[in-house]
Amino acid sequence: MKSQTTLKMMLAAGALSVGMSHGANAQDTVKIGSVLSVTGPSSFLGEPEDKTLRLYVDKINAAGGVAGKKIELVIYDDGGDANKARTFATRLVEDDEVIAMVGGTTTGSTMAMIPVFEDAKIPFISLAGAIEVIDPVRKFVFKTPHTDKMACEKIFEDLKRRNLTKIGLISGTDGFGASMRAQCVKVAPNYGMQIVADENYGPRDSDMTAQLTKIKNTAGVQAVVNPGFGQGPAIVTRNYAQLGMNSIPFYQSHGVASKSFIDLAGAAAEGVRLPAAALLVGDKLPDSDPQKKVVTEYKQAYESATKQPVSTFGGHAYDGLFILVEAMKRANSTDSGKIRDEIEKTKGFVGTGGIVNMSATDHLGLDLSAFRMLEIKGGDWNLVASGS
Amino acid sequence: MGALLNQRFVTLAVLAAVIAVLPLVFPSSYYFRVASLVWVSALAAIGLNILMGQAGQVSLGHAAFFGIGAYAVAIGPTHLGIPPWAALLIGAVLSAVLAYLVGRPILRLKGHYLAIATLGLGVLIALVISTESRWTGGPDGMPVERLTLFGWRVSGSYTWYWVTGALLLVGTWIALNLDETPTGRAFRALHDSEVAAQVVGVDVARFKLQAFVIAAVYASIAGSALAFMNGFINPDQAGFLHSVELVTIVVLGGLGSVVGSIVGAAVLVTLPQALTVFHEYEHLLLGLIIIVSMIFMRNGIVPSLSGLFLRRARS
């Protein structure tokens, strides 16, 4: 008797795994896939990406679609779990049969999904930060956000201009912080930088005064750089002011480039510098700036649709989607291989992150000019005039 | 005894049949991937069930052993040049040794104290994995070399479906058999009452340790299998949330029921996939389903439902 029950149980389990729905595939639509961390610890990145993609796909469809076809967007939420992301990637490729993918919120989930898209020969435009995504270059993998290496270079460039060469690092031990720290250490010699203090903190630590005191007491520190994202840098910034270290120039990374950082750090954020995309200072850009039109339009559209302040993270999704859409238009085809070739030929694309010029050896296509050096003054972002 | 043996064979035969038949109804390799994930989670859960359901001890840090298995096959071939299959064995041995060494002192603890001690162990291992970035690639994880056996490169969802399915069959067979050995009976005695077990001459400390080591080896092998299958591994797999997921599978499926662990894994792995149609309500529904099934099936899905069927059949 019991064995019969066992049998029923197992069939039920089997039926459950089979019972997943199979989407209809109409002739006049093309499917674009996305896996984002809409919930979980990286939701502050994934949520604006999700909203941006939905907003603009609706806009594109309302305007008649791409190459005569409407776009059907398939978005899955990996909750920040790389293993789940991998499964959803397989689902997009095998079950939904998407022609391209714009997504991958974190470096961890992107790295886990890369083999799926490489094997299936489907273009994958990642929204993750680290340089490993595109270095070494993989045939079908592209990305839109600036790399952490570029952020280090931009900061060092600014330091060099100010004749500061001895720096202290205080980095988060999360993926972003650890990866950027490694890149900073690597490129420091190219700019004549000497790292005299190298401290770190856990992503959920609530006080960093011990590490900062150590940096403060290190002889000859001329500037401090904080690779990290999330709430950690805000606490570091507050502690920095509490310890009266304001006389030492302090640099944050592009990882804190959202208004909530200024809110969290409060008055302590005054005078902090960071490299960030033009999007944050859209209204302060001179009219001659080629990015001005794109960033002000995106900011206006996003803020009026979501009633939330714009962040650079959603901007990365905007760039990814439109690089793909332009490539589809040029290819005038829904063939994944042809679209990939056209993405690689992207030249002079003006996005929120910068001006993109891709090539067979560069699947990011941004240079240091894509980053603007900003300084926080009066609770707002301000462009640092070159030479100051 | 003959009937019992028979029942074990039937369970195993049904499982083998399910594994063999499912591919006939799978429309794409995505389904193979999901099923392989079920087999891997079930394997780890069956091991944990030996510790929790049979020996009655709690482990809230079990993903640590899963992580050790996974990182053994990632680090071994990449940094030390060890063949992948050997790295899998080394991972299992490492997990067993660690479980043995750590288990000796912490299994003296009971109830909440044991739960906290295992939790601490789990957090510690996860911390080491995400900070030793020179070896483990840090929080972003690291790639894993493909498994090659006698020149055969094991890759693709389809192949891994059969490999993990076979692993699950072996794991199930061992767990079912263990139930009927003197060791298994000692575990049950432990589960019912430690004092009584001690009185009738069961070496309580030794058997607890044995169950812990067995559970660690199951988790380690499941971890290695997942790492090979994904070709990529990150510290999440060794983290606290994954430990909780494993405990949930065991409790949801039914403590002490081998089949329960497989059903629990099937539910917990496939449900989030099936619920994606609800978008933002996905997590809400998942939580609700688990709460409701725990309220109405307090002993877990398999023991509760089989009890219900048995009562129906009698009346």
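In the block above lies the structure referred to throughout.
Read on for a plain summary of the structure. Predicted model only: the values in this text are computed from it and were never measured.

Looking now at the interface of chain B and chain A. If you look at the interface, chain B gives 49 residues, while chain A gives 40 residues. Going through the elements one at a time, α1 (2–25), α2 (29–54), α12 (258–274), α13 (282–296) and α14 (301–314) of chain B are the ones with two or more residues in the side of chain B that touches chain A.

A few words on helix α4 (residues 107–120) of chain A. Residue and element names in this part refer to chain A. The terminal C-alpha atoms of α4, which comprises 14 residues, lie 20 Å apart, in line with the 20 Å expected from a rise of 1.5 Å per residue. At Met 113, α4 shows its strongest bend, of approximately 35 degrees, with the proline Pro 115 following within four residues. Counting buried residues along α4, 10 of its 14 residues qualify, which places the element largely inside the surrounding structure. Burial in α4 covers these residues: Thr 107, Gly 108, Ser 109, Thr 110, Met 111, Ala 112, Met 113, Ile 114, Val 116 and Phe 117. Immediately downstream of α4, the backbone of Lys 121 shows phi near 55 degrees, a positive value.

This part covers unusual backbone geometry. Residues and elements named next belong to chain A. Note the cis peptide between Asp 135 and Pro 136, where omega equals 5 degrees. Within the secondary structure, Pro 136 sits in the loop between β4 (124–126) and β5 (141–143). Not every positive phi belongs to a glycine, and Ala 67 is a case in point at roughly 50 degrees. Residue position: Ala 67 is located in the loop between α2 (43–62) and β2 (70–77). Assessed through the 13 C-beta atoms surrounding it within 10 Å, Ala 67 is described here as partly exposed.

Attention now goes to the sheet that holds β2(A). Note: strands within a sheet are paired through backbone hydrogen bonds, in either parallel or antiparallel orientation. Residue and element names in this part refer to chain A. Ordered by their spatial adjacency, five strands build an open sheet running β2-β1-β3-β4-β5, and the pairing between neighbours is parallel. Taken across any chain shown, the strands that pair with only one partner, and hence form the sheet edges, are β2 and β5. Direction aside, the axes of adjacent strands within the sheet are offset by 25 degrees on average. The pairing of strand β1 (residues 29–36) with β2 spans eight bridges and is parallel. Residue pairing in the sheet places Gly 33 in a bridge with Val 74 of β2. Relative to the sheet, α2 contacts β1, β2 and β3 (100–103), its axis offset from that of β2 by approximately 165 degrees.

Cut-off values and rules
- Residues numbered from 1 in each chain as written.
- Chains lettered and ligands numbered in written order.
- Predicted model: local features only at pLDDT ≥ 70, side-chain atom pairs only at ≥ 80, totals over all residues.
- Contact = placed C-beta atoms within 7 Å.
- Helix = DSSP H or I, 4+ residues; strand = E, 2+ residues; numbered from the N terminus.
- Expected span 1.5 Å × (residues − 1).
- Bend = angle between axes of the 7 residues up to and from the residue.
- Buried ≥ 20, exposed ≤ 12 C-beta atoms within 10 Å, placed from the backbone.
- Pairing = 2+ DSSP bridges.
- Axes fitted to C-alpha atoms, helices over the stretch in contact; angles between N-to-C directions.

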